[in-house]
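These are the residues of each chain, in order.
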Amino acid sequence: MTNMSFTRRGVLGAALGGAAVMASGVRPVFAQGAPIKVGILHSLSGTMAISETTLKDVMLMLIEQQNAKGGLLGRKLEAVVVDPASNWPLFAEKARELISQHKVSATFGCWTSVSRKSVLPVFKELNNILFYPVQYEGEESERNVFYTGAAPNQQAIPAVDYLMSKDGGEAKRWVLAGTDYVYPRTTNKILEAYLLAKGVAKEDIMINYTPFGHSDWQTIVSDIKKFGSAGKKTAVVSTINGDANVPFYKELGNQGIKATDIPVVAFSVGEEELAGIDTKPLVGHLAAWNYFQSVKNPVNEAFIKSWKAFKKNDKAVTNDPMEAHVIGFNMWVKAVEKVGTVDIDKVIDTLPGIEAPNLTGGVSKMLPNHHITKPVLIGEVRGDGQFDVVWQTKDLVPGDAWTDHLEGSKDLEADWVTLKCGNYNTKLKKCG
Amino acid sequence: MRILALLRGIGLALCLALVALPAAAQDARPLPDEIVTRFLADSFGDTEAAIGAVAASGAPQAADMLQALGDRRLFISASAKGLFYRDGAGKGFDARTGQPADVPADASAVRLNNRLRGVVQAALGTLTLLSPDPVQRLRAAESVFKSRDPAALPAIEQALARETNARIRNVFEEARAAIIIADTKAPEASRMAAASRIAETGDQDGLALLRQLSAQATGNLKSVIESSIQTIERRQQIRQAGQTVWFGISLGSVLLLAAIGLAITFGVMGVINMAHGEMVMIGAYVTFMTQEVFRARFPHLLDWSLPIAIPLAFIITGLVGVLIERGVIRFLYGRPLETLLATFGVSLILQQAVRSWFGPTNREVSAPSYMSGSFEFIGLQITYGRLWIVVFTLVVFFALLLLLKATPLGLQMRAVTQNRRMAASMGIRTRFVDAMTFGLGSGIAGIAGVALSQIDNVSPNLGQNYIIDSFMVVVFGGVGNLWGTLISAFTLGIANKLLEPFAGAVLGKIIILVLLILFIQKRPRGLFALKGRAVEQ
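In every chain, residue numbers begin from 1 and rise along the written sequence. Just so you know, chain letters begin at A and ligand numbers begin at 1, following the order they were written in. It should be noted that, the model being predicted, local features are given only for residues of pLDDT at least 70 and side-chain atom pairs only at 80 or more, the latter also being counted only at that level, while totals for whole chains, interfaces and linings use all residues.

J.: Lay out the overall build of chain A in plain terms, naming residues and giving numbers.
T.: Summing up its helical and strand segments, chain A has 12 helices and 19 strands in all. Within chain A, the fraction of its 432 residues that count as buried is 53%. Note on contacts: residues are paired as contacts if their backbone-placed C-beta atoms lie within 7 Å. Within chain A, residue pairs in contact and separated by at least 24 positions form 68% of the contacts whose partners lie at least 6 positions apart. The secondary structure listing takes helices from DSSP runs of H or I that are at least 4 residues long and strands from runs of E that are at least 2 residues long, numbered from the N terminus. Each residue is classified by how many other C-beta atoms fall within 10 Å of its C-beta atom, where C-beta atoms are placed from the backbone; a count of 20 or more means buried, 12 or fewer means exposed, and values in between mean partly exposed.

J.: Can you explain the overall build of chain B? Please cite residues and give values.
T.: Scanning chain B from terminus to terminus reveals 21 helices and 6 strands. Computed over the C-alpha atoms, the radius of gyration of chain B is 30 Å, more than 25% above the 24 Å expected from 2.2 N^0.38 for a compact globule of 537 residues. The principal-axis extent of the C-alpha atoms belonging to chain B is close to 90 × 60 × 35 Å. When each of the 537 residues of chain B is scored for burial, the buried share is 45%. For chain B, long-range pairs separated by at least 24 residues make up 69% of all intrachain contacts whose partners lie at least 6 apart in sequence. The atom set for the radius of gyration is the C-alpha atoms, and the globule formula is 2.2 Å times the number of residues raised to the power 0.38.

J.: Provide a residue-level description of the environment of A:L98, including the pertinent values.
T.: Here A:L98 shows up in helix α3 (residues 88-101). In this structure the C-alpha to C-alpha distance between A:L98 and A:Y147, which are 49 residues apart in sequence, comes to 19 Å.

J.: I'd like to hear about the sheet that holds strand β14 (residues 377-381) of chain A, residue by residue, with values.
T.: Residue and element names in this part refer to chain A. In short, DSSP must find at least two bridges between two strands for them to pair. In spatial order, the strands read β7-β6-β8-β9-β10-β14-β15; together these 7 strands make up an open sheet with mixed pairing. Unpaired on one side and paired on the other, β7 (205-210) and β15 (387-392) mark the two borders of the sheet. Each strand of the sheet is rotated relative to its neighbour by a mean of 25 degrees, with strand direction disregarded. For β14 and β15, the ladder comprises 5 bridges, and the chain directions are antiparallel. Considered in β15, the bridge of V381 is made with F387. The sheet contacts of helix α7 (residues 218-227) involve β6 (173-179), β7 and β8 (234-239), and relative to β7 the element is tilted by about 175 degrees. Every axis in this analysis is a line fitted to C-alpha atoms, fitted for helices over the stretch in contact. Angles between the N-to-C directions lie between 0 and 180 degrees.

J.: Just give me the short version of the pairing of strand β1 (residues 74-77) of chain B, but keep the residues and values in it.
T.: Sheet analysis places β1(B) next to strand β2 (residues 82-86) of chain B, joined by 4 bridges and oriented antiparallel. Its bridge partner lying in β2(B), B:L74 is registered against B:Y85.

J.: Explain the interface of chain A and chain B to me, using residue names and the numbers behind them.
T.: Tallying the contact residues gives 45 residues for chain A and 47 residues for chain B. Within the residue set of the side of chain A that touches chain B, elements represented by two or more residues are α2 (49-68), β7, α7, α8 (245-254) and β15 of chain A. The greatest single-element share of the side of chain A that touches chain B, amounting to 6 residues, is contributed by α7(A).

J.: Describe the domain arrangement of chain B, with residues and values.
T.: Interface size, as often reported, equals the accessible area lost upon joining of the parts. Considered domain by domain, chain B is made up of domain 1 (2-127) and domain 2 (242-536). Just the C-alpha atoms count here: the centres of domain 1 of chain B and domain 2 of chain B sit 52 Å apart. How far each domain reaches was decided by an automatic or database domain assignment.

J.: Quick rundown of the nonpolar core? Include the residues and the values.
T.: Residues and elements named next belong to chain A. To define a nonpolar core, we join buried Ala, Val, Leu, Ile, Met, Phe, Trp, Tyr and Cys residues through C-beta atoms within 7 Å and take the resulting set. Membership of the largest hydrophobic core comes to 121 residues, with the highest contact counts inside it found for A159, V160, V237, V265 and A288. Among the elements that take part in this core, helix α11 (residues 320-339) stands out by supplying 9 residues, more than any other. Here this core gathers at least three residues from each of two domains, domain 1 (36-150 + 299-374) and domain 2 (154-295 + 378-398). Excluding residues that lie within four positions of it along the chain, V237 makes contacts with A159, V160, W174, L176, L191 and V265.

J.: Give a description of the packing of helix α12 (residues 276-297) of chain B against helix α13 (residues 305-327) of chain B that names residues and reports values.
T.: Residue and element names in this part refer to chain B. Closest axis-to-axis distance for the α12/α13 pair is 8 Å, and the angle between their directions is 135 degrees. It follows from the interaxial angle that α12 and α13 lie oblique. Crossing geometry of α12 relative to α13 is assigned as right-handed. Residues M279, I282, G283, V286, T287, T290, Q291 and F294 of α12 pack against S305, L306, I308, A309, L312, A313, I316, T317, V320 and G321 of α13. When its residues are assigned to classes, the contact of α12 with α13 shows 11 nonpolar, 7 polar and no charged. Angular relationships are summarised with four words: roughly parallel below 35 degrees, roughly antiparallel beyond 145, roughly perpendicular across 65 to 115, and oblique for the angles in between. By the definition used in this description, the sense in which the near helix is turned from the far one sets the handedness, with an anticlockwise turn below a right angle giving left-handed and a clockwise turn giving right-handed. As a working rule, the residues Ala, Val, Leu, Ile, Met, Phe, Trp, Tyr, Cys and Pro are called nonpolar, Asp, Glu, Lys and Arg charged, and the rest polar, with Gly in that last group.

J.: Report on the domain arrangement of chain A, specifying residues and quantitative values.
T.: Residue and element names in this part refer to chain A. Partitioning chain A into structural domains gives domain 1 (36-150 + 299-374) and domain 2 (154-295 + 378-398). Residue-level contacts link 25 residues of domain 1 with 21 residues of domain 2. Among the secondary structure elements, those contributing two or more residues to the side of domain 1 that touches domain 2 are α2, α4 (113-126), α10 (298-311), α11 and β13 (373-374). With 3 residues, α2 is the single largest residue contributor to the side of domain 1 that touches domain 2.

J.: Mind laying out the packing of helix α6 (residues 134-147) of chain B against helix α8 (residues 166-182) of chain B, listing which residues take part and the relevant values?
T.: Residues and elements named next belong to chain B. At their nearest, the axes of α6 and α8 sit 8 Å apart, and the two run at 20 degrees to each other. Classified by the angle their axes make, α6 and α8 are roughly parallel. Helix-helix and strand crossings are classified by hand; for α6 and α8 the assignment is left-handed. From α6, P134, R137, L138, A141, E142, V144 and F145 reach across to α8, where they touch I168, V171, F172, E174, A175 and A178. Split into classes, the residues belonging to the contact of α6 with α8 amount to 10 nonpolar, no polar and 3 charged.

J.: I'd like a rundown of the sheet that holds β2(B), residues and numbers included.
T.: All names here are of chain B. The strand order across the open sheet built from 4 strands is β3-β2-β1-β4, with neighbouring strands paired in antiparallel fashion. Because the sheet does not close on itself, it has two edges, and the strands there are β3 (92-94) and β4 (108-109). Relative to β4, β1 is paired through 2 bridges, and the arrangement is antiparallel. Each residue of the ladder has a partner; that of I76, found in β4, is S108. Sheet strands touched by helix α4 (residues 62-70): β1 and β2. Its angle to β2, the strand with the most contacts, is close to 80 degrees.

J.: Before we move on, can you summarise helix α5 (residues 114-127) of chain B with the specific residues and values?
T.: Taking 1.5 Å per residue as the helical rise, α5(B) with its 14 residues ought to reach 20 Å, and the 20 Å between its terminal C-alpha atoms agrees with that figure. The element α5(B) is largely enclosed, with a buried count of 13 among its 14 residues. Every helix has an expected span of 1.5 Å times one less than the residues it contains.

J.: Hey, could you go over the pairing of strand β1 (residues 36-41) of chain A for me, with residue numbers and the actual values?
T.: Residue and element names in this part refer to chain A. Counting buried positions over the 6 residues of β1 gives 5, a clear majority of the element. Inspection of the sheet shows β1 paired to strand β2 (residues 77-82) by 6 bridges, in the parallel sense. Bridge pairing in β2 links I36 to L77. With strands facing away from the observer, any crossover in which the path from the first strand over the helix to the second runs clockwise is taken as right-handed. Since β1 and β2 lie parallel, the crossover through α2 that links them has a hand, and here it is right-handed. As paired elements, β1 and strand β3 (residues 106-109) share 4 bridges and run parallel to each other. Bridge assignment links V38 to a residue of β3, and that residue is A106.

J.: Kindly report on unusual backbone geometry, identifying the contributing residues and their values.
T.: Residues other than glycine seldom take positive phi values, yet A:K103 does so here, at roughly 50 degrees. Structurally, A:K103 is set in the loop between α3 and β3. Given 13 C-beta atoms within 10 Å, A:K103 falls into the partly exposed group. Phi is positive for B:R72, which is not a glycine, with a value near 60 degrees. Inspection of the secondary structure assignment puts B:R72 in the loop between α4 and β1. With 18 C-beta atoms counted inside 10 Å, the residue B:R72 sits in the partly exposed group.

J.: Break down the confidence of the model for chain A for me, with residues and values.
T.: Scored by pLDDT, chain A has a mean of 88; 93% of the residues are at 70 or more. pLDDT measures how confident the predictor is about each residue, on a scale from 0 to 100. Note that pLDDT drops below 50 for residues 1-28 of chain A; the model gives that stretch 1 contact with residues more than four away or on any other chain.

J.: Could you give an account of helix α9 (residues 188-201) of chain B, with specific residues and numbers?
T.: Residues and elements named next belong to chain B. Compared with the 20 Å implied by 1.5 Å per residue over 14 residues, the 21 Å span of α9 between its first and last C-alpha is a close match. Of the residues making up α9, those classed as buried are R191, A194, A195, I198 and A199. Across the axial projection of α9, the buried residues extend over an arc of 140 degrees, all falling on one side. Where α9 is buried, its residues touch α8, α10 (204-214) and α11 (219-268). The directions considered for the arc run from the helix axis to the C-beta atoms.

J.: How would you sum up the environment of A:N144? Please name residues and give values.
T.: Here A:N144 is to be found in the loop between β4 (130-132) and β5 (145-147). The spatial distance from the C-alpha of A:N144 to the C-alpha of A:I344 is 9.1 Å, given a sequence separation of 200 residues.

J.: Describe the environment of A:D345, listing the residues and the values that go with them.
T.: The residue A:D345 is located in helix α12 (residues 344-350) in this model. Residue classification places A:D345 among the exposed positions, given that 12 C-beta atoms sit within 10 Å.

J.: Let's hear about the confidence of the model for chain B: which residues, and what values?
T.: Caution applies to low-pLDDT parts of the model: their predicted coordinates are not meant to be read in detail. Residue and element names in this part refer to chain B. In this model, chain B carries a mean pLDDT of 85, and residues with pLDDT of at least 70 account for 93%. Within the model, the stretch residues 14-27 combines pLDDT values under 50 with 13 contacts to residues more than four positions away or in other chains. Segment residues 532-537: pLDDT under 50, and 3 contacts once partners within four positions in sequence are set aside and those in other chains are kept. Predicted complex metrics record ipTM = 0.78 and pTM = 0.81.

Next up, the structure:
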């Protein structure tokens, strides 16, 4: 009984509200057509919430801004937010829910590689679009996925080149430290092959893996110190992910490893992660990204301003994966406007070649292999938790899906425009 | 090579400056304009040249300026076409003249990279060898040891002659030896003597230096260097063993701290409390909030925020514990499976509540000054933070032991857990005691959170990292036995650290778990099993 009346009251209220809107003359701007739905597939609870929640927020902000500009094709954009709760199989279920139930026109989501691998079959089966915003290990190119984060040649390799250069300290001895899962293992495999090819001796490379959330770094940090005292300049390449970074950096600071002695370059530490650490002992340690909040140009300043206003927090920070979503979203909007429909196949075919400004002052382009062009920046940690850019590539670097430094992958080519294939073997001249 | 040449230049200038020092102090002539233009160019190459020129200028403000540059307190202003710096207290100076001045609003800090930071340190080292501040002298000696600039040798000799502090003397001597041994033009005999001098007290850095030189050295010198390397290596090996044990003790104390509350709720009461980790997490957040209040209201007392957070964390998490016991657990005594599920639910609720309230990102809890950095103790490098945690853990442990053994509440707790009906017949309010015991266990978990905020992330997931380890410690030590928990925590900590260098962190953890499973097969009740009627129930 109560239920009934409640519902009835609800309907009545909505009707009244609608009438009030009409009567007061504030007409909805989006008169024609149902809203275009955009899926947001980021963990809002569980271990990955720490990184993914801000990506959900940035998507909501972009959609709000687009609606303020009059929506897309005259229709309103509507965000559909689901929470896969850092649970990899749940990512696949939620992706299915977004596509089959909510009929989204594109999805922006995932952080870890394992979550991306988990949703791949769903996007292929139901034919939809996924924009993936995080730097990853490469070795993949799918028709339904657009990779707006960095491939290894857009982050790892340039970072190592920098450390080998004069300004980077001419490192001769290398520690590759990572968390024990697919991204660090693949990246380190590529880096090891690259270093060996550059003439670094096998005994000058130390590879170390730790479990997720590792918190006792005493032994490893003291091992790094020992490894670094062999009389050759040593550098650490860190693919340590997530929560384990804070205790790692705290231990580095406590054991007095200074960046001038052994610099650490990290691939997964951004402004967001540094917000939880007192960075004064870490000044000079490095991170390689395609974007830093401290980059000075009008586009970035406007973005930071609107982000702080959206979060209603003057201390809110921006980071690289957020920029990737900004680029990805703008590319998708342009593609839809160009082709005049949200039809999945047409949008997928239109996206390669679409250009959108990135926040570092350049214009990124979607490539036939579904990766984008980006600049590579090396930043140094500052005492206030931000980065100073100390080096950057002159031109934008095109993302390479299949690395040239591993056997079995160097002959592969991804091209969805002419070859229509994600792993074309140039030697055997066939796909797959 | 260019750096070395530059350093040599700096050193030479310094010698001149030392001679000319009284004169320079009398008439403070401004720095050449060229230096300012170079800094204004804001390119790393120009900055490098400018640093060299500043160090060589002999200007009295040179050391302050370079110190400011290293700390991002040296500013360039395009509008004023000038160079400014602030001292440690934030007072502004015009770098050209060294006179007090206001830093313009558009001023931006001069950027450095690691290579330049090394150049700054080396230049500063040579400039501050004679500083009246012993900390600065020590730092200067260390940077000279690293730069090994032969031109700094006269300055070192001069500093050595008047140094009285034994520790700094030692570093000066090492630095002098490092300069001599690295100087290929020095006579071989003195280079050999220098190698032996480094072997005497040298550590990791000395080893690095000798290894680097042994590749280039020949003949007698090479063999002396090789034997020096061996001397240091032998010493390092003994230190390494000591270091591993210390790491083990430190890890063990963290395990103990996390497990000690569980030893009460699970060990003494028998409640499988999956929300234990969240109590630790709440304690860490209480620390964070206390520190925020201090930061905003009493910034000069910030170092005290941690001791004050301890009782606060105990009270707040203790209250949360009492609430959970009264609200959930008391209905489930004697039904372990339901308790497990219910407390697991509570743990998820608490996590998500904290996540919605504080946000999913890490919160920064800064280390008070007495917990930062490290010191050397018979060759072992011991970090203050870890040392305090070990001390703190032992204090908490013995305080708890005292509470259980020597207070009426402790007596009642033991009575109720050993024989509830008998205790009730003696007039003990068993329900009240239940709530108090659970509150005590939770409160101690909260205290653990205060300490763990110093070494781990303060995030909603904090507790999850410790729950499995805590159960492991309590089960291995023998449920219901506090001493067992102590010994088990340190055993697991040391075993883990002994395994880690050989097996790696991932495999090491697996081996420990396998060993533990085998051990539990043999002794299901853990290391120190309780005997008597309580166990049979």
